[in-house]
Amino acid sequence: MMKNMLTRTVKKTSRTGRRFILSVVLLLCIVIMIPVSASAAYYNTYSTVATLGNANDCYVAQGFAVGSTYTYSVKINNDETKAVIYRTNMNDGTTALMTNGDNGTTYATYLGHANDVVLSTINGEYYMFVVTMNKGNMSLVKLKYVGATYYKVGNYTIQYNSADASMSGVKITSKDANNIYFLFKSGKNFYKGTLPLTANSGTINVTSAFSINIEDALVNGNTVSNITSFAFQGFGYYNNSIYVPMTYENVSIVLVYRNISSATGTIYADNNLSFRITSSTYSDLFEIESVGIANGDKLWFNTNRRTAPGDTANDGVHYFNNYSAS
């Protein structure tokens, strides 16, 4: 009798142990199967490295690009007949007004709205490409620069579906021994175009690449209720991702889109990385014009900033605090 009771007790204990072990294993499997959500990275403070002047009555900041040591910011006058370029040292903020080497002035008359800029090294020499937002043979302009002096060396027609097109953003995604591969932007639509490496004129026939969804983009975990009222600007490209700034009054946001090389159709923003500046100091306008990654993988940008209508003293070059693209 005692033996039977002991046997039943052992069997019962064994069954209970097995059930406990199975429960633990099942729980561990469930935990492993559930994806771990990383907390969203959000950046909403910035540092100013330089304030940009208003030479030649050019009060409006537009295109922007970053190199290894300097940023390049374009400002235009009200009727888009003059444009100036400022070169800012990212390490100490020293800013110089660049000289037009073709005529000795400090402005150019052919850059139009100059909405975005991209830099390129070709055969050991330095160039910048500027989208003018004009149609026709001056829709993209090529400048060669040596130090703080630039020279106009090329201009191109951009066409889409055999019609002249106006683009508001430009970046270079890659180069090879023969060609430069561009990514252009107009509003929410992006286009691919190719140019022979050393060509100084010609037509760039672009093809549709993808469009971006903005309505569902999360900024610090939430959609932006009036995002369709935000104005598009230039954009940044880094490591197969694009950084897209948008502005509404004194609020600027930057949305990030990944895996651009294989993107088609409509693509969606990275919900785990977003940027926003809501400025009470520059309550009339805080407008990020374009962005770029450089110098310790910081996200750099230029601005139009106004404390009140008519304020022209606060446009600048900046970077987001604590962000590294690495």
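Being a predicted model, the structure only gives us computed values, none of them experimental.

Colleague: Hey, could you go over the overall build of the protein chain for me, with residue numbers and the actual values?
Modeller: Looking only at helices and strands, the protein chain features 1 helix and 27 strands. Across the 326 residues that make up the protein chain, the buried fraction comes to 46%. A sequence separation of at least 24 residues applies to 52% of the contacts in the protein chain between residues at least 6 apart. Here the protein chain has roughly 15200 Å² of accessible surface; of this, 50% comes from carbon and sulfur atoms.

Colleague: Kindly report on the pattern of salt bridges, identifying the contributing residues and their values.
Modeller: Across all of its chains, the model carries 6 salt bridges by this definition. Here Lys171 and Asp116 are joined by a salt bridge, their closest N and O atoms 3.0 Å apart. One end of the pair, Lys171, is in strand β13 (residues 169-175); the other, Asp116, is in strand β8 (residues 116-122), with 55 residues separating them in the sequence. For the pair Lys171 and Asp116, one class covers both residues: buried. Taking the shortest distance from any N to any O, the salt bridge between Asp270 and Arg258 comes out at 3.0 Å. On the criterion of sequence distance, the pair formed by Asp270 in the loop between β23 (266-267) and β24 (273-278) and Arg258 in the loop between β22 (251-257) and β23 is long-range, its members being 12 residues apart. On the basis of relative accessible area, Asp270 is assigned to the buried category, the value being 18%.

Colleague: How would you sum up the sheet that holds strand β3 (residues 60-66)? Please name residues and give values.
Modeller: With antiparallel pairing, 4 strands are arranged side by side in an open sheet as β3-β4-β5-β6. The open sheet is flanked by β3 and β6 (95-97), the only strands paired with a single partner. When strand polarity is set aside, the average angle formed by the axes of neighbouring strands in this sheet is 25°. Note: strand β5 (residues 83-89) against β6, 3 bridges, orientation antiparallel. Of the residues in β6, the one forming a bridge with Thr88 is Thr95.

Colleague: Can you tell me about unusual backbone geometry, naming the residues and giving the values?
Modeller: Negative phi characterises most residues that are not glycine, and trans characterises most peptide bonds. Positive phi outside glycine occurs at Ser162, with the angle close to 70°. Here Ser162 is to be found in the loop between β11 (149-160) and β12 (163-164). On the basis of relative accessible area, Ser162 is assigned to the exposed category, the value being 68%. One non-glycine residue, Asn295, lies in positive phi territory at about 55°. Here Asn295 lies in the loop between β25 (285-294) and β26 (298-306). Classification of Asn295 by relative accessible area gives partly exposed; the value is 25%.

Colleague: Can you lay out the side chain of Asn302 for me, pointing to particular residues and giving the numbers?
Modeller: Here Asn302 lies in strand β26. You can call Asn302 buried: its relative accessible area is 0%. From its side chain, Asn302 meets the backbone oxygen of Gln62 in a polar contact 3.0 Å long. At 3.1 Å, the side chain of Asn302 and the backbone nitrogen of Ser290 are in polar contact. Once residues within four sequence positions are removed from consideration, Asn302 is found in contact with Ala61, Gln62, Gly63, Phe64, Ser73, Glu287, Ile288, Glu289, Ser290, Gly316 and His318.

Colleague: Let's hear about the confidence of the model for the protein chain: which residues, and what values?
Modeller: Across the protein chain, pLDDT averages 91, with 88% of residues at or above 70. Residue range residues 1-38 is modelled with pLDDT below 50. Its contacts to residues more than four positions away, or to other chains, number 1 contact.

Colleague: Let's hear about the environment of Ala308: which residues, and what values?
Modeller: Within the element layout of this structure, Ala308 appears in the loop between β26 and β27 (316-320). Taking the C-alpha atoms as reference points, Ala308 and Thr281, separated by 27 residues in sequence, lie 9.8 Å from one another.

Colleague: For the sheet that holds β26, give the residues involved together with the corresponding values.
Modeller: Within the open sheet, the 4 strands sit side by side as β2-β27-β26-β25. Their pairing is antiparallel. Edge positions in the open sheet fall to β2 (46-51) and β25, since each of these has one partner strand only. Each strand axis lies, on average, 30° off the axis of its neighbour in the sheet, ignoring direction. Bridge analysis of β25 against β26 gives 9 bridges, and the strand direction is antiparallel. If you follow Val291 over to β26, its bridge partner there is Phe301.

Colleague: Outline the pairing of strand β10 (residues 140-146), listing residues and values.
Modeller: The element β10 is largely enclosed, with a buried count of 5 among its 7 residues. Two strands pair when backbone bridges link them, and strand β9 (residues 125-131) and β10 are joined in this way by 6 bridges, in the antiparallel orientation. Paired with Val131 across the strands is Leu140, a residue of β10.

Colleague: Outline the nonpolar core, listing residues and values.
Modeller: With 23 residues, the main nonpolar core has Phe210, Ile212, Ile242, Ile253, Leu255 and Tyr257 as its most contacted residues. If you list the elements that add at least two residues to this core, you get β16 (203-212), β21 (241-248) and β22. What Tyr257 contacts, discounting residues up to four positions off in sequence, is Ile212, Asn213, Ile214, Asn240, Ser241, Ile242, Val244, Ile267, Tyr268 and Ala269. With 21 residues, the next largest nonpolar core counts Leu140, Ile172, Phe184 and Leu197 among its residues.

The rules behind the values
- Residues numbered from 1 in each chain as written.
- Predicted model: local features only at pLDDT ≥ 70, side-chain atom pairs only at ≥ 80, totals over all residues.
- Heavy atoms only, no water.
- Helix = DSSP H or I, 4+ residues; strand = E, 2+ residues; numbered from the N terminus.
- Buried < 20%, exposed > 50% of the residue type's maximum accessible area, 1.4 Å probe, protein only.
- Contact = heavy atoms within 4.5 Å.
- Areas by Shrake-Rupley, 256 points an atom, 1.4 Å probe, with all protein chains shown as cover.
- Salt bridge = Lys/Arg side-chain N within 4 Å of Asp/Glu carboxyl O.
- Pairing = 2+ DSSP bridges.
- Axes fitted to C-alpha atoms, helices over the stretch in contact; angles between N-to-C directions.
- Polar contact = N/O pair within 3.5 Å; in protein donor to acceptor, adjacent residues only side chain to side chain.
- pLDDT = per-residue confidence, 0-100.
- Core = buried A, V, L, I, M, F, W, Y, C linked by side-chain atoms within 4.5 Å.

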